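Notes for the structure review
Residue-level listing of the chains:
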There are 2 protein chains.
Amino acid sequence: MRPGPKRTLSEEAVLDAAMGLLAEGGAAAVTVRGIASRLGVAPNAVYTYVPNKAAVLSALVERLLGEVDLKALADPATPWRRRLHALALGLRERLIAQPGMVHLLLSGPMDGPNALALGECLLAVLAEAGLDPEPAARASYLLIVYVVGSIALEAAEMDADAPPQPEAERVAARRATFAAVPADRFPRTAAAAETMAGFISTEQFRWGLDRLLDGLTR
Amino acid sequence: MRPGPKRTLSEEAVLDAAMGLLAEGGAAAVTVRGIASRLGVAPNAVYTYVPNKAAVLSALVERLLGEVDLKALADPATPWRRRLHALALGLRERLIAQPGMVHLLLSGPMDGPNALALGECLLAVLAEAGLDPEPAARASYLLIVYVVGSIALEAAEMDADAPPQPEAERVAARRATFAAVPADRFPRTAAAAETMAGFISTEQFRWGLDRLLDGLTR
DNA sequence: ACCTGAACACCGTTCAAGT
DNA sequence: ACCTGAACACCGTTCAAGT
C-alpha cells in the first residue's frame, strides 16, 4: 500500500479493528499497533483518523451504549420493572460477551451522548415507577452502579487475555475454588460454598437487581 | 551498589515501593522498572523477590484488605447496620485515597486470605441481622458489588495519573459537566443536574447503601 | 491530505554473566 | 544467592519526509 491522499480507512474502520482485537485478546490486546496491523497500515497512520488511544477506547464504550435498545426501555406497554430487568440483563450480556469491555467502561467518565441518552431514558422509566425526580436520579445511578459493579466483579474472575467462557464453566471454576476453602478457619464461607459459586450467574444478578428495586420502591 | 548475595531488599520493600508509585502517579505508574529505580536497583533485581508484576498487584490488594478492621466489624456491641456502614465507608475511603487501586482490585479475583476473612466476617454480621445462610451469602456479595461498583464509577471520573482530588472539587467538576447538558434533548437529566453532580459523594454512597440494606432486610 | 520509515522514550521479562 | 548489563519483543506517539 503506497502513501498518498487515499482515505482508504475511516474512524469506523479503526473502531471495528479495535473491537476485533478486544474480542480476540481482551483489553490488553487493544493496541494502536495492533489496530494498524489489522488494517494493513503503518502504526502512525491510525493517528489520521483518531487523536490517540484513549479516544478509541471511549468511542468503543459509546458505540456499545448506542446498541442499547432505548425504544424497548421506553415502551409504556411493558411494566417498568420488566423493562429495567431487560435493560440490566441486556447490558450484562453485552459486556460479558466482550471480556475487557468493562475495564474500558471504567477507564473514563461515561459522559458521551449515548450515555446521556441512556440516563435520560432511565429517569423516565423511574418516573413512571412513581419516583420523584430526586429519588429517581439517585436510583438511576444506583442501578448503573449495580450493573457495572456486578459485571466488573465477574470480569475480574475471567481471564482477561482470552475469549469468554460460558457461564456454566465459570461457575464450575468458582465452585472448585470455594471447595478448597478450609472449613475450620472460614466455616460460614465453606458452608455457603455452593451458593457463593453461583454469584457469577445470571440468577444471582437477577436476585440482586430485585433486592435493589425492592429497596428503591418500598 | 555492587552485586552479591546481600538480600538488601525484601518483598515488603517491593510492595512499599509499588504503593508509593500508586499514590503518586496512579495505576499506570506502578511498573517493575519504576519499583526498581525507587529501590535503587536494576529492573531485573525485583524478580528476586517477586515472580512477576501481576503478583505485585494482587499483593497490594491483599495488603489493603488486610487493613480492614475486622474486629470492629465483628463487635456485637454496635448495631449491625452501623457496622456495615462503617465497613463500606472505610473501604470507600481507603480505595478513593489511592487512585487506581480499584483497577488493581478489579484486575483479578479476590481470593486471597484477607479477602476470605472479610467475606467470612460479613457473613457473620448478616447472620446477626437475621438473614439465613443463603440470603446472607447472596447479600454479602451484593454489598461487595455495591461498594466496589460505586468506587469504580467514582474512580472512572478521576484523573488516573494524578493524586486524588478532594470530594468537593470532584463534585464541582461534575456540576460543571451536567450544567452543560442541553435541556431540550435531555430534559430530565438537565432538571436533576444538581442531584447528579452529587453522585460522586459520601452522601449518595450512604443513601444507596441504605436502599440496599432496605431491600435486603425487608 | 494521507501515508511511510525512523526514531524516542518507554514497557515486562529473560539470560548469561559476575561476586 | 543475589545482583548486573544487555538484550528481546513489545508499547504510544512524534516528526520529517514522500506522493
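Our structure is the block above this text.
Notes on the structure follow. For clarity, every value in this text was computed on a predicted model and none was experimentally measured.

1. Topic: the packing of aromatic side chains
The geometry of an aromatic ring pair is captured by the separation of the ring centres together with the interplanar angle, meaning the angle of the planes. All names here are of chain A. For the coordinates displayed, the defined rule picks out four aromatic pairs over all chains. On the basis of an interplanar angle of 20 degrees and a centroid distance of 5.3 Å, the ring pair of tyrosine 146 and phenylalanine 205 is categorised as stacked. Of the two residues, tyrosine 146 is situated in helix H8 (residues 133–156) and phenylalanine 205 in helix H12 (residues 202–217); the sequence distance between them amounts to 59 residues. In this structure, tyrosine 146 and phenylalanine 205 share a single accessibility class: buried. The ring of phenylalanine 205 has arginine 92 lying over it, and the distance from NZ or CZ to the ring centre is 5.3 Å.

2. Focus: helix H9 (residues 167–179) of chain A
The first and last C-alpha atoms of H9(A) sit 18 Å apart over 13 residues, in line with the 18 Å expected at 1.5 Å per residue. Where H9(A) is buried, its residues contact helix H5 (80–97), H8, helix H10 (187–191) and helix H11 (193–197) of chain A.

3. Considering the relation of the copies chain A and chain B
Expressed as a screw operation, the relation of chain A to chain B combines 0.0 Å of axial shift with a rotation of 180 degrees, fitting to an RMSD of 0.0 Å. Such values leave the two copies arranged in the relation of a two-fold axis. Taken as a fraction of all interface residues of chain A, those also at the interface in chain B reach 100%, which identifies the copy contact as same-surface.

4. Focus on the packing of H5(A) against H8(A)
All names here are of chain A. Packing of H5 against H8 brings their axes to within 10 Å, and their N-to-C directions diverge by 30 degrees. The angle between the axes of H5 and H8 places the two elements in the roughly parallel class. Seen along the crossing, H5 lies across H8 with a hand that is right-handed. In this structure, H5 uses Leu84, Ala88, Leu91, Arg92, Leu95 and Ile96 to contact H8, whose residues at the interface are Leu143, Val147, Ile151 and Glu154. Residues that form the contact of H5 with H8 fall into these classes: eight nonpolar, no polar and two charged.

5. Let's talk about the interface of chain A and chain B
On the chain B side, the residues contacting the 53 residues of chain A number 53 residues. When chain A packs against chain B, close to 4,700 Å² is buried across both sides, 70% of that on carbon and sulfur atoms. Its largest share of buried area at the contact with chain B, chain A owes to A:Arg138, A:Tyr141 and A:Leu153, together 16% of the area lost on that side. Taken together, chain A and chain B are joined by two salt bridges. Across the salt bridge formed by B:Glu203 and A:Arg138, the nearest N and O atoms sit 2.4 Å from each other.

6. Brief notes about the side chain of A:Ser201
All names here are of chain A. The residue serine 201 is located in the loop between H11 and H12 in this model. Among the residues examined, serine 201 registers a relative accessible area of 10% and is labelled buried. A distance of 3.2 Å separates a polar side-chain atom of serine 201 from the backbone nitrogen of glutamine 204.

7. A word on the packing of H5(A) against helix H7 (residues 113–128) of chain A
All names here are of chain A. Between H5 and H7, the least distance of the axes is 9 Å, while the angle of their chain directions is 150 degrees. When the interaxial angle is binned, H5 and H7 end up roughly antiparallel. In this structure, the crossing between H5 and H7 has a hand that is left-handed. Contact residues: H5 offers Trp80, Arg83, Leu84, Leu87 and Leu91, while H7 offers Leu118, Leu122, Val125, Leu126 and Glu128. A class-by-class count of the residues in the contact of H5 with H7 yields eight nonpolar, no polar and two charged.

8. Remarks on the environment of B:Ala77
Residue and element names in this part refer to chain B. Mapping alanine 77 onto the fold places it in the loop between helix H4 (70–74) and helix H5 (80–97). Residue class for alanine 77 comes out exposed when judged on its relative accessible area of 68%. Through-space distance from the C-alpha of alanine 77 to that of valine 56 is 37 Å; in sequence the pair is 21 residues apart.

9. A look at the pattern of salt bridges
Residue and element names in this part refer to chain A. Tallied over the entire structure, the rule returns 28 salt bridges over all chains. Close ionic contact of arginine 38 with glutamate 24 constitutes a salt bridge, the shortest N to O distance being 2.6 Å. Of this pair, arginine 38 sits in helix H2 (residues 32–38) while glutamate 24 sits in helix H1 (residues 11–25), and the two are 14 residues apart along the sequence. Among the residues examined, arginine 38 registers a relative accessible area of 38% and is labelled partly exposed. The partner of arginine 81 in a salt bridge is aspartate 210, with the nearest N and O atoms 3.4 Å apart. Taken together, the residues span a long stretch of sequence, with arginine 81 in helix H5 and aspartate 210 in helix H12 at a distance of 129 residues. Among the charged side chains, a salt-bridge network with shared partners connects Arg81, Asp210, Arg211 and Asp214.

10. Quick notes on the environment of A:Ser140
Inspection of the secondary structure assignment puts A:Ser140 in helix H8. Taking C-alpha positions, A:Ser140 is 12 Å from A:Ala129, a pair spaced eleven residues apart along the chain. When sequence neighbours within four positions are dropped, the list of residues in contact with A:Ser140 reads A:Leu122, A:Leu123, A:Leu126 and B:Met196.

About the cut-offs
- Residues numbered from 1 in each chain as written.
- Chains lettered and ligands numbered in written order.
- Predicted model: local features only at pLDDT ≥ 70, side-chain atom pairs only at ≥ 80, totals over all residues.
- Heavy atoms only, no water.
- Phe/Tyr/Trp six-rings, centres within 6.5 Å; stacked < 30°, edge-to-face > 60°.
- Helix = DSSP H or I, 4+ residues; strand = E, 2+ residues; numbered from the N terminus.
- Buried < 20%, exposed > 50% of the residue type's maximum accessible area, 1.4 Å probe, protein only.
- Lys NZ or Arg CZ within 6 Å of the ring centre and 35° of its normal.
- Expected span 1.5 Å × (residues − 1).
- Contact = heavy atoms within 4.5 Å.
- Least-squares fit on C-alpha atoms with pLDDT ≥ 70 in both.
- Axes fitted to C-alpha atoms, helices over the stretch in contact; angles between N-to-C directions.
- Parallel < 35°, antiparallel > 145°, perpendicular 65-115°, else oblique.
- Left-handed = near helix turned anticlockwise from the far one by under 90°.
- Nonpolar A, V, L, I, M, F, W, Y, C, P; charged D, E, K, R; others polar.
- Buried area = accessible area lost by both parts, 1.4 Å probe.
- Salt bridge = Lys/Arg side-chain N within 4 Å of Asp/Glu carboxyl O.
- Polar contact = N/O pair within 3.5 Å; in protein donor to acceptor, adjacent residues only side chain to side chain.

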